[in-house]
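# Results of the structural survey
The residues making up each chain are set out below.
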Amino acid sequence: GERTHQMKKKLLCMVMVLLFTLSISGCYFMQYSKLKRKESENAKEFFNYLKDEDIDGLVNMFSDDIRDSFDLEECWEEFFDVVDGDIESYDRYHVTYLEQFIDDGKITRCLLKVEFSGVTTDEGVEYDTLEYQTYVVHSDDDQLGLCKIRLRDDDEFLSVIGRSQF
């Protein structure tokens, strides 16, 4: 009688809490997968700019903060000087989260990293990774956009443009 009733109430309570937790994390998951999908489009655009050595296109992908802090045209010219030949292709890329802040059920800041691996030039040179970091959500609009680019080979950074905490 009374004890099974109490246990049923407890169980119901636990189920409710679990469902509530899942619905919240499900909500974040939806927001995140949307952000990642959108960034996949940007990643392809970014790589096309790289292949075309379109410095204006690349510079425009950066946040206002980074554009104001660095001479990005010069940074990109140095970047392309470092690369042996013209960038042609990559094996694959993936998008990961570096940091995120959530306030009142909404993502208020989200920093993504996009990493291209097996980046190859027309000279047949292959670099381990080329990565960029980008704020896709930020309460300060000046921070939105790319903040850091790194070209890496044999555990050594050959070129770094911009800055971030990571």
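Preceding this paragraph is the structure being described.
Per chain, the residues get numbers from 1 upward, laid out in the order the sequence is written. Given that the model is predicted, a residue must reach a pLDDT of at least 70 before its local features are reported, and side-chain atom pairs must reach 80 or more before they are shown or counted; all residues, however, enter totals for whole chains, interfaces and linings. As a rule here, side-chain values cover all heavy atoms of the structure and leave hydrogens and water aside.

Helix and strand assignments come from DSSP, with helices taken as H or I runs of at least 4 residues and strands as E runs of at least 2, each series counted from the N terminus. Each helix and strand counted, the chain has four helices and six strands in total. In the chain, the succession of α and β elements from N to C terminus is α-α-α-α-β-β-β-β-β-β. In terms of C-alpha radius of gyration, the chain reaches 22 Å, well past the compact-globule figure of 15 Å for 166 residues. Here the C-alpha coordinates of the chain stretch approximately 80 × 35 × 25 Å along the principal axes. Sorting the 166 residues of the chain into buried and exposed places 36% on the buried side. Intrachain contacts of the chain at a sequence separation of at least 6 include 55% that bridge at least 24 residues. Computed with the Shrake-Rupley method and a 1.4 Å probe, the accessible areas treat only the protein chains shown as cover for residues. Carbon and sulfur atoms make up 51% of the accessible area of the chain, which amounts to about 10,200 Å² in all. A residue counts as positive if it is Lys or Arg and as negative if it is Asp or Glu; His and the chain ends are not included. For this purpose, a charge sits on NZ of Lys, CZ of Arg, CG of Asp or CD of Glu. Each charge class in the chain was averaged separately, 19 positive and 37 negative side chains, and the resulting centres sit 20 Å apart. The size measure is the radius of gyration over C-alpha atoms, and the globule rule it meets is 2.2 Å times the number of residues to the 0.38 power. Type-normalised accessible area, obtained with a 1.4 Å probe on protein chains alone, sets the label of each residue: buried when under 20%, exposed when over 50%, and partly exposed for intermediate values. What makes two residues a contact is simply this: any of their non-hydrogen atoms within 4.5 Å.

The subject of this paragraph is the pairing of strand E2 (residues 92-103). Residues in a regular strand project their side chains so that they alternate between the two faces of the sheet. Taken together, the eleven bridges between E2 and strand E3 (residues 106-121) define a ladder with antiparallel strand orientation. Across the sheet, residue Val95 finds its bridge partner in E3, namely Val114. Where E2 folds back onto E3 in an antiparallel hairpin, the turn is made up of two residues, including Asp104, whose phi is positive at roughly 55 degrees. Strand pairing is defined by DSSP finding a minimum of two bridges between the two strands.

By definition here, a salt bridge exists when the distance from a side-chain nitrogen of Lys or Arg to a carboxyl oxygen of Asp or Glu is within 4 Å. For the structure on display, the rule yields seven salt bridges. Put simply, Lys44 and Glu41 hold a salt bridge, and the shortest N to O gap is 4.0 Å. One end of the pair, Lys44, and the other, Glu41, are both in helix H1 (residues 2-51), three residues apart, so they sit about a helical turn from each other. Judged by its relative accessible area of 40%, Lys44 falls in the partly exposed class. A relative accessible area of 51% means that Glu41 is categorised as exposed. Salt-bridge contacts for Arg163 lead to Asp65; the nearest nitrogen and oxygen are separated by 3.0 Å. Residue Arg163 is found in the segment after strand E6 (156-162), and its partner Asp65 is found in helix H3 (residues 64-69); the two are separated by 98 residues along the sequence. Via salt bridges that share partners, Lys113, Glu115, Glu131 and Arg150 belong to a single interconnected network.

From the geometry alone we can't say anything about function, so treat these as descriptive.
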